[in-house]
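Single-letter residue listing:
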Amino acid sequence: MAIEKQLLHPRHWPAWCSVGLLWVLAHLPQALSYALGAGIGNVFCLFAKDRRHICETNLRLCFPELSDVEHTVLVKKTMRNQGVGLMETLRVWFIAPDKLGVEFEFLGREHLEVAEGDPGIIIIGTHFTTLDVSGALIGLQYSVDSFYRKHKNPVFEYILSRARGRYGEPIHRRDIKRALKRLREGRRLYYLPDQDYGRKSAEFVAFFGIPTATTIGTSTLAKGGRARVVYVNQQRLDSGRRYRVEIIPMDNFPSGDPVADARAVNAILEENIRAVPEQYMWVHRRFKTRPDGDAGFYE
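For every chain, the first residue of its written sequence is number 1, and the numbers climb from 1 along that sequence. With the structure being a predicted model, the display of local features is reserved for residues of pLDDT at least 70 and the display and counting of side-chain atom pairs for 80 or more, all residues being used for whole-chain, interface and lining totals. Hydrogens and water molecules were not included; the side-chain quantities draw on all heavy atoms of the structure.

Two rings from Phe, Tyr or Trp (for Trp, the six-membered ring) form a pair when their centres are within 6.5 Å of each other. A pair whose planes differ by under 30 degrees is stacked, one over 60 is edge-to-face, and the rest are tilted. Evaluated as defined, the whole model comprises 13 aromatic pairs. Taken together, a centroid distance of 5.9 Å and an interplanar angle of 80° make the contact between F128 and Y280 edge-to-face. Of this pair, F128 sits in the loop between strand 2 (121-124) and helix 5 (131-139) while Y280 sits in the segment after helix 9 (258-275), and the two are 152 residues apart along the sequence. A residue is classified by how much of its surface remains accessible, and F128, at 0% relative accessible area, is buried. Among the aromatic residues, those joined into a cluster by ring pairs are F63, F128, F207, F208, Y280, W282, F287 and F297. Put simply, DSSP marks the helices as runs of H or I at least four residues long and the strands as runs of E at least two long, and each gets a number from the N terminus on. Each residue's exposure class comes from its accessible area (1.4 Å probe, protein chains only) as a fraction of the maximum for that residue type: buried when under 20%, exposed when over 50%, partly exposed otherwise.

Pasting the structure below:
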């Protein structure tokens, strides 16, 4: 992507200086980057009290069987992984995936193959802290479109669009027509259904045993795009030196029942989050929207 002339105006120079600093951080050796990320996460745990509170609340809700000591340890590990994920994201912004210097184990890749005339594929992802680096590693071998939210700063929007565009077409999150068109053309679309988007187009179904506002957008996209659906499980191993990604097909999806589909999505998300709970982004208010009459969790 060529840099538009207006982005070189002096008013954008502070943003470019910030980009330069991020570029330097992104090019640290992998081991140093991991250590710095873990350190940032430790600081985050100490001083980001609101986010730590959200994390603590989510983990107590979802893992009530843990002792106080086990809970505290898991909170610290989770916050540390937020920092590690931040550094990984910077590396993905500025370094080509094949230059990251990490090992990549890719299981079930046959489920991402699309022959001429085949329907497209919706790849259900999860907000793990490995989200960006795992997506980039998949992008080495397959073109994958993704939804995005436009950044308010035009310099950072340029940087992010440039990074996203290496792997597929960035589609504005409200441009559903474009996403459906691409799926009908046999494209792959990365979709993240595991955040609280409010009551609109959502159903309350169980997630870790808690009635949770869950988007039915996965069913809508799959039906409208005539697409099959797979889930991508991902894990960071060996202090970020190795990543495992597994593509798992979701059978009978969409089923024709959006509520049953939402349950199926939450079930596979929960199963894989339980395997590495410290790598999930528990710092967002997953249970913000409550059924009528239920008290909030985060006050």
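Together, L36, I40 and L86 line one region of the surface with nonpolar side chains, adding up to about 210 Å² of accessible area. Take I40: it is sitting in helix 2 (residues 30-47). Two joining distances apply to patches: 9 Å for like charges and 5 Å for nonpolar side chains (Val, Leu, Ile, Met, Phe, Trp, Tyr), and every residue must have over 30% relative accessible area and no salt bridge. Only the protein chains shown count as covering a residue, and every accessible area follows the Shrake-Rupley method with a 1.4 Å probe. Any Lys or Arg side-chain nitrogen located within 4 Å of an Asp or Glu carboxyl oxygen qualifies as a salt bridge.

So, on to the pairing of strand 5 (residues 188-191). By the alternation rule, side chains of strand 5 split into R188 and Y190 and L189 and Y191, which are all buried. In terms of strand pairing, strand 3 (residues 145-148) meets strand 5 through two bridges, oriented parallel. The partner of S146 across the bridge, within strand 5, is Y190. Should DSSP find at least two bridges between two strands, the strands are taken to pair.

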